Amino acid sequence: LRRQPPAIGPLQYPEVARKIRRSVTGYDEPTASLDGRNATAVKNKILQAKKTGRAVLAAFHDPDFIAQVADRQYSIPSLSEPVP
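The rules behind each value
- Residues numbered from 1 in each chain as written.
- Predicted model: local features only at pLDDT ≥ 70, side-chain atom pairs only at ≥ 80, totals over all residues.
- Heavy atoms only, no water.
- Pairing = 2+ DSSP bridges.
- Helix = DSSP H or I, 4+ residues; strand = E, 2+ residues; numbered from the N terminus.
- Right-handed = clockwise from strand over helix to strand, strands pointing away.
- Phe/Tyr/Trp six-rings, centres within 6.5 Å; stacked < 30°, edge-to-face > 60°.
- Buried < 20%, exposed > 50% of the residue type's maximum accessible area, 1.4 Å probe, protein only.
- Patch = residues over 30% accessible without salt bridge, like charges linked within 9 Å, V, L, I, M, F, W, Y side chains within 5 Å.
- Areas by Shrake-Rupley, 256 points an atom, 1.4 Å probe, with all protein chains shown as cover.
- Salt bridge = Lys/Arg side-chain N within 4 Å of Asp/Glu carboxyl O.
- pLDDT = per-residue confidence, 0-100.
- Contact = heavy atoms within 4.5 Å.
- Core = buried A, V, L, I, M, F, W, Y, C linked by side-chain atoms within 4.5 Å.

### Re the pairing of strand S2 (residues 55-59)
As paired strands, strand S1 (residues 24-28) and S2 are joined by 5 bridges and run parallel to one another. Its bridge partner lying in S2, tyrosine 27 is registered against alanine 58. Crossover S1 to S2 through helix H2 (residues 36-51) is right-handed.

Now the structure itself:
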């Protein structure tokens, strides 16, 4: 059997990932177990990232914190609730 050369799309994935990594910062509940002082430090880092033009993609459960750092907010329904 002859192997087919890979399609050009999959070869471009690493390059796309590198470009995204340079422009997006991700956080997964970065303040979950922090005291107030350290949560403020995280907030300042997020706000600084935004000022430099980076997109910030984050998961938070604290609506007050979200209000302080978010330009947009999207909610994901609980997996335990039925989806209409």
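Still more to cover.
### Considering the packing of aromatic side chains
Taken as a whole and assessed by the stated rule, the structure comprises 1 aromatic pair. Ring geometry for phenylalanine 60 and phenylalanine 65: centres 5.0 Å apart, planes at 45 degrees, overall tilted. As far as burial versus exposure is concerned, phenylalanine 60 and phenylalanine 65 are alike and both buried.

### Things to note about a nonpolar patch on the surface
A surface patch of nonpolar side chains, amounting to about 340 Å² of accessible area, comprises Val16, Ile20, Val24 and Leu57. Tracing the backbone through its elements, the reader meets isoleucine 20 in helix H1 (residues 8-23).

### Some remarks on the confidence of the model for the protein
When pLDDT is averaged along the protein, the result is 81, and 79% of the positions lie at 70 or above. Taken element by element, the predicted model of the protein shows its lowest mean pLDDT in H1 (71) and its highest in H2 (92).

### So, the side chain of threonine 31
You can see threonine 31 is positioned in the loop between S1 and H2. Owing to a relative accessible area of 15%, threonine 31 belongs among the buried residues under this scheme. If we ignore the near neighbours within four places in the chain, the residues touching threonine 31 are Ala39, Val42, Phe60 and Phe65.

### A few points about the nonpolar core
Core analysis: the largest hydrophobic core is formed by 6 residues, namely Val42, Ile46, Phe60, Phe65, Ile66 and Val69. Listed by contribution, the elements that provide at least two residues to this core are H2 and helix H3 (63-69). When residues of this core are assigned to their parent elements, the largest contribution, 3 residues, is made by H3. Apart from the residues within four sequence positions on either side, isoleucine 46 is in contact with Tyr27, Val56, Phe60, Phe65 and Val69.

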